[in-house]
Amino acid sequence: MLRDDLRNLWTAPRPPGVPGRVWRDWALLAAALSSVLLETTLRENVVWRPIAAVLGIWLAVLPLWRRTRPLAMVALAFGAVIALQVATLVAAPREPIGLDSSLVVLVLVYALPRWGSGREIVLGVLVILAAFAISVVTDDIGAGEGIAALVFLFMPTVIGASVRFWATAQERQLERMRSHERERLARELHDTVAHHVSAMVIRAQAGRVVAGADPAAAVEALEGVEEEGARTLEEMRAMVATLRDSGAGAELAPAAGVADLERLLRGPAARLRVDLHLDGDLDGLPPAVGAAVYRIVQESVTNSMRHAVDATEVMVRVTGEPQRVRVTVRDDGARAGRGRDGYGLAGLRERAALLGGELSAGPGTDRGWHVEAELPRGRANNGVHPRTRR
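Computed from a predicted structure; not experimentally measured.

Draft legend 1. How the structure looks around the overall build of the chain. Looking only at helices and strands, one finds 11 helices and five strands in the chain. For the chain, buried positions account for 38% of its 390 residues. Counting only contacts in the chain whose residues sit at least 6 apart along the sequence, the fraction spanning at least 24 positions is 78%. Carbon and sulfur atoms provide 60% of the accessible area of the chain, an area that totals close to 21,700 Å².

Right under this line is the structure:
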């Protein structure tokens, strides 16, 4: 088992989504360079001042590449430290060489487990241990001080590994929410297709019954079968390309839609008053779009009920336009930070994206929390599958 764990560590890839440089990187560089300048200028007991200054500048610059090249930066930083320690064995200066500002190297120690692959982490730790061992020999420190220094040196490693584990857990939770939302869509697609196919069967049976006595009625029944088939194809083409989980269940339950919003928001035990306005053309929405509108309103209002501070009202607006449906949910609570942007909203964003729309959520400009979504009405209304008249 230990061998398998070590093999898994060695083959672990880098975490995805490595960010580029941000303003904090340049602030860190400016702070480190300023520290080197002040220490080399004002500190009197600096040994080999020019070399110490060059080493300090070198270590201050390396963190700029700590995310994209964590092992290389650790090797360059601690390789320079090893070279300096070896030089002290030969020259035997009266004081330890180096600047206190060189502690910026701890940023590289943190970045190694945070952004490195398993192989890079193992090799980087070996380089750090080698530099530490040489430092213990050259500085002639005791066992207690050595243990304390080792703990201090590797504390950023523990922090970096913990942050990486937490970020990975968060990403897995988000992926589970996305998968759950896809399963919901798959069930709704199943229900839609089952409804249309049942209607097609009934119309076909009716056409067969009246075909001999009333050919015109039989033709009308066939037209109905064609129309239902076209709608079924539209619903399937709208979502099947994005649903890949073959294990999604198919529970037989009607999908709630816009018509169910009043019943949803009529709860007598709600602590906030809900103001619902339905505007524009909201009839004939594809079931997937109607279900998405229902889910967005349900999740957003629930969040406001649970988390809105000093709120008295939640305003819900659903507007049907010729090409799209707009959903807006706002509460009048105290202006919030990003605290409510959790897994539920992540699932709603996934659903909106699967339908070709988008959803945004965040604090309002003055008060409360705002959720806004825009969903296309679907291809069922664009005439791709018109009903053929004979």
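Draft legend 2. Here's a closer look at the confidence of the model for the chain. Residues of the chain with pLDDT of at least 70 account for 80%, and the chain-wide mean is 79. Per-element mean pLDDT across the chain ranges from 68 in helix α8 (residues 215-239) up to 93 in helix α5 (residues 105-115). Segment residues 244-253 is flagged for pLDDT under 50; beyond a separation of four residues in sequence, or across chains, it makes 13 contacts in the model. Contacts for the low-pLDDT stretch residues 379-390, under 50 throughout, to residues beyond four places or in other chains number 22 contacts.

Draft legend 3. Just helix α10 (residues 287-307), in detail. In this model, α10 (21 residues) spans 30 Å end to end at C-alpha, consistent with the 30 Å of a helix rising 1.5 Å per residue. Counting buried residues in α10 gives 16 out of 21 residues, a clear majority hidden from the surface.

Draft legend 4. How the structure looks around a nonpolar patch on the surface. Taken together, the side chains of W10, L123, L126, L129 and L150 present a nonpolar region at the surface, about 400 Å² in accessible area. Sort the elements by how many residues they give to the nonpolar patch and helix α6 (residues 118-139) lands first, with three residues. Counting through the fold element by element, W10 comes out in helix α1 (residues 2-11).

Draft legend 5. Structural detail: the side chain of R66. Residue position: R66 is located in the loop between α3 (49-61) and α4 (70-91). Given the relative accessible area of 11%, R66 is considered buried. In this structure the side chain of R66 is engaged in a polar contact, spanning 2.8 Å, whose partner is the side chain of D25. Apart from residues no more than four positions distant in its own chain, R66 is found in contact with D25, L28, M73, V107, L108 and A111.

Calculation rules
Every chain is numbered on its own, with residues counted from 1 as its sequence reads. A pLDDT threshold of at least 70 governs which residues receive local features in this predicted model, and a stricter bar of 80 or more applies before side-chain atom pairs are shown or counted, although totals over entire chains, interfaces and linings include all residues. Just so you know, side-chain values use all the structure's heavy atoms and leave hydrogens and water out. Comment: elements are numbered from the N terminus, with helices defined as DSSP H or I runs of at least four residues and strands as E runs of at least two. Accessible area is worked out with a 1.4 Å probe on protein chains only. A residue is then buried under 20% of its type maximum, exposed over 50%, and partly exposed in between. Throughout, a residue-residue contact means that at least one pair of heavy atoms, one from each residue, lies within 4.5 Å. Note on areas: these come from Shrake-Rupley sampling with a 1.4 Å probe, and a residue is covered only by the protein chains present in the view. The predictor rates its confidence in each residue with pLDDT, a number between 0 and 100. How far a helix is expected to stretch is found by multiplying one less than its residue total by 1.5 Å. Note on patches: the residues involved have over 30% relative accessible area and no salt bridge, like charges join within 9 Å, and the nonpolar side chains Val, Leu, Ile, Met, Phe, Trp and Tyr join within 5 Å. Salt bridge, as applied in this entry: a Lys or Arg side-chain nitrogen positioned within 4 Å of an Asp or Glu carboxyl oxygen. Polar contacts, as used here, are pairs of N or O atoms within 3.5 Å; protein pairs need one atom able to donate a hydrogen and one able to accept it. Residues neighboring in sequence count only if both atoms are side-chain atoms.

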